[in-house]
Amino acid sequence: SYLCKSNGRESPAYGFSLFLPNTPMDTSAISYFTKEGLQRLKDEVRQLETVERPKISQQIAEARDKGDLSENAEYDAAKEAQGMLEAKIAKTEAIFANARIIDESQIDTSKAFILSKVTVKHVDNGREMAYTLVAENEANLAAKKISVESPIGKGLLGKSIGEIADIQPPGGIIQFEIVKIERG
């Protein structure tokens, strides 16, 4: 196992629970981030609070100046946008409040864990691919970063070099041999 730092404390980072989008907000859900991923989240909150919030407030003020609010579609739309923005800010702040930075130096490279770079070979066609296993909120297929919650991520977690991972995407089972594991 490896350790995760949170508020000066270290705790095992296996058996993690991740915040999943489009699920009821659980403010106790812990999300694991790299330092870069946490900085992106912090930047997003700052953008929402310092740019988007004042922009919507200005739209509300302009719509209010147009007169009768009972029949003012612009005002209603701006108020709805404000509500959605405030919900997004609250959700993002809740994720940030429960965020933990993964200590990459403690990652065990004998098995595939979150933040491991795993090179796999497709058993049927011999094609090799390398993926970095990341939390759901940092997944980016173009950058070869796949979520530990995805079918491939779930299939690779806990596997060692030489083991065969049975991946279950919607189209059927695919087998990958673990060729190499390194720190992401």
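Conventions we followed
Residues numbered from 1 in each chain as written. Predicted model: local features only at pLDDT ≥ 70, side-chain atom pairs only at ≥ 80, totals over all residues. Heavy atoms only, no water. Helix = DSSP H or I, 4+ residues; strand = E, 2+ residues; numbered from the N terminus. Buried < 20%, exposed > 50% of the residue type's maximum accessible area, 1.4 Å probe, protein only. Contact = heavy atoms within 4.5 Å. Areas by Shrake-Rupley, 256 points an atom, 1.4 Å probe, with all protein chains shown as cover. Pairing = 2+ DSSP bridges. Axes fitted to C-alpha atoms, helices over the stretch in contact; angles between N-to-C directions. Salt bridge = Lys/Arg side-chain N within 4 Å of Asp/Glu carboxyl O. Core = buried A, V, L, I, M, F, W, Y, C linked by side-chain atoms within 4.5 Å. Expected span 1.5 Å × (residues − 1). Bend = angle between axes of the 7 residues up to and from the residue.

**Some details on the overall build of the chain**
Right, so step 1: A tally of regular secondary structure across the chain gives 3 helices and 9 strands.
Right, so step 2: When the helices and strands of the chain are read in sequence order from the N terminus, they spell out β-β-β-α-α-β-β-β-β-α-β-β.
Right, so step 3: When burial is assessed residue by residue, the chain has 34% of its 184 residues classed as buried.
Right, so step 4: A separation threshold of at least 6 residues defines the contact pool for the chain, and within that pool the share at least 24 residues apart is 52%.
Right, so step 5: When the accessible surface of the chain is split by element, carbon and sulfur atoms take 49% of a total near 10700 Å².

**Regarding the sheet that holds strand β9 (residues 174-183)**
Strands pair in a sheet through their backbones, by hydrogen bonds, and they do so in one of two ways: parallel or antiparallel.
Right, so step 1: Within the open sheet, the 5 strands sit side by side as β7-β6-β5-β9-β8. Their pairing is mixed. Both edges of this open sheet fall to β7 (145-147) and β8 (164-167), since each of them pairs with a single strand only. Strand-to-strand, the axes of this sheet are offset by a mean angle of 45°, without reference to chain direction.
Right, so step 2: Bridge count for β8 against β9 is 4 bridges, and the pairing is antiparallel.

**Thoughts on the pattern of salt bridges**
Right, so step 1: As enumerated under the stated definition, the model contains 7 salt bridges in all.
Right, so step 2: A salt bridge links D43 to R46; its shortest N-O distance comes to 3.1 Å. Here R46 and D43 lie together in helix α1 (residues 35-64), a separation of 3 residues that amounts to about one turn.
Right, so step 3: The class of D43 is partly exposed, set by a relative accessible area of 33%.
Right, so step 4: Classification of R46 by relative accessible area gives partly exposed; the value is 42%.
Right, so step 5: Taking the shortest distance from any N to any O, the salt bridge between R53 and E86 comes out at 2.9 Å. With R53 in helix α1 and E86 in helix α2 (residues 73-97), this residue pair connects regions lying 33 residues apart in the sequence.

**Observations regarding the nonpolar core**
Right, so step 1: Core analysis: the biggest nonpolar cluster contains 20 residues, and I114, V118, V120, L133, L156 and I178 have the highest contact counts within it.
Right, so step 2: Listing elements by their share of this core, those giving two or more residues are β5 (116-122), β6 (128-134), β8 and β9.
Right, so step 3: At 4 residues, the largest contribution of residues to this core is made by β6.

**A look at α1**
Right, so step 1: In a regular helix each residue adds 1.5 Å, so 30 residues correspond to 44 Å; α1 covers 42 Å between its end C-alpha atoms and thus fits that length.
Right, so step 2: Its axis deflected by about 30° at L48, α1 carries its strongest bend there.
Right, so step 3: Buried positions along α1 lie against β3 (31-33), α2 and β4 (99-102).

**Description of the pairing of β8**
Note on strand geometry: in a regular strand, side chains alternate between the two faces of the sheet.
Right, so step 1: Across the two faces of β8 the burial differs, with A165 and I167 buried and I164 and D166 not buried at all.
Right, so step 2: In this antiparallel pair of consecutive strands, β8 and β9, the connection spans 6 residues, and G172 shows a positive phi of 130°.

In short, the description is geometric, and any link to function would need to be established separately.
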